[in-house]
Amino acid sequence: QVQLVESGGGLVQPGGSLRLSCAASGTIASINVMGWYRQAPGKQRELVTSITRGGSTNYIESVKGRFTISRDDAKNTVYLQMNSLKPEDTAVYYCNADVMLVGVYRYREVWGQGTLVTVSS
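A quick note: this is a predicted structure, and the numbers were derived from the prediction, not measured. (Residues numbered from 1 in each chain as written. Predicted model: local features only at pLDDT ≥ 70, side-chain atom pairs only at ≥ 80, totals over all residues. Heavy atoms only, no water.)

Visitor: Help me out: how do you make sense of the side chain of Arg 66 in this one?
Guide: Position of Arg 66 among the secondary structure elements: in the loop between strand 6 (57-59) and strand 7 (67-72). Arg 66 gets classed as buried once you look at its relative accessible area, which sits at 10%. For Arg 66, the side chain forms a polar contact with the main-chain oxygen of Ser 84, separated by 2.9 Å. If we ignore the near neighbours within four places in the chain, the residues touching Arg 66 are Gln 81, Met 82, Asn 83, Ser 84, Leu 85, Lys 86 and Asp 89. (Helix = DSSP H or I, 4+ residues; strand = E, 2+ residues; numbered from the N terminus. Buried < 20%, exposed > 50% of the residue type's maximum accessible area, 1.4 Å probe, protein only. Polar contact = N/O pair within 3.5 Å; in protein donor to acceptor, adjacent residues only side chain to side chain. Contact = heavy atoms within 4.5 Å.)

Visitor: How do you make sense of the pattern of salt bridges when you look at a structure like this?
Guide: Two side chains bearing opposite charge may form a pair once their charged atoms approach each other closely. Inspection of the entire model under this criterion finds five salt bridges. Of the charged contacts, one joins Asp 89 and Arg 66 as a salt bridge, the two residues approaching to 2.7 Å between their closest N and O atoms. Taken together, the positions of Asp 89 in the loop between strand 8 (77-82) and strand 9 (91-101) and Arg 66 in the loop between strand 6 and strand 7 put the pair 23 residues apart, joining distant regions of the chain. Overall, Asp 89 belongs to the buried group, its relative accessible area being 1%. Of the charged contacts, one joins Asp 73 and Arg 71 as a salt bridge, the two residues approaching to 2.8 Å between their closest N and O atoms. Taken together, the shared-partner salt bridges connect Arg 38, Glu 46, Arg 66 and Asp 89 into one network. (Salt bridge = Lys/Arg side-chain N within 4 Å of Asp/Glu carboxyl O.)

Visitor: Quick question: what am I supposed to make of the environment of Lys 43 here?
Guide: With respect to the helices and strands, Lys 43 occurs in the loop between strand 4 (28-39) and strand 5 (46-51). Along the sequence, Lys 43 and Ala 91 sit 48 residues apart, while their C-alpha atoms lie 9.4 Å from each other.

Visitor: Explain unusual backbone geometry to me, please; I cannot follow it from the model alone.
Guide: Glycine aside, a negative phi is what most residues show, and trans is what most peptide bonds show. Of note, Asn 76 is a non-glycine position whose phi angle comes to about 50°, a positive value. Among the secondary structure elements, Asn 76 is positioned in the loop between strand 7 and strand 8. We note that Ser 84 has phi near 50°; this positive angle belongs to a residue other than glycine. With respect to the helices and strands, the residue Ser 84 is situated in the loop between strand 8 and strand 9.

Visitor: Just checking my understanding: could you explain the state of the cysteines for this structure?
Guide: Disulfides are covalent bonds that connect the sulfur atoms of two cysteines. For the coordinates displayed, the defined rule picks out one disulfide. Each disulfide pairs two cysteine sulfurs, and for Cys 22 the partner residue is Cys 95, the sulfurs being separated by 2.1 Å. The sign of the S-S torsion, about -80°, decides the handedness of the disulfide formed by Cys 22 and Cys 95: left-handed. With a gap of 73 residues between them, Cys 22 in strand 3 (residues 18-26) and Cys 95 in strand 9 connect regions that are remote in the sequence. The class of Cys 22 is buried, set by a relative accessible area of 0%. What makes Cys 95 buried here is its relative accessible area of 0%. (Disulfide = S-S within 2.5 Å.)

In structure tokens, the structure reads:
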């Protein structure tokens, strides 16, 4: 079994910063792409950013220059540094990863439980 556990959400004022973390646990052989999605109230879940095992990243236009994704493969962890936060960034943020378990020679998609980020004064 594999589990993704997120942390770091909370309430922040506009212009503030938060750092989300997502740690994968289990008998993990490899993690391919890792990413962060978000779902705002009344909206569909959207991919915010992702990072490959080689370190290539992509971002949606609305967060470019403000959000930074990174990963630490030794810790099976992905991070999302969010700066200059805006009220429209308010959402539940979900971690996502393609994980290969030891002895299982294929990747499977795994989701975290979500962490709420609220940007409000």
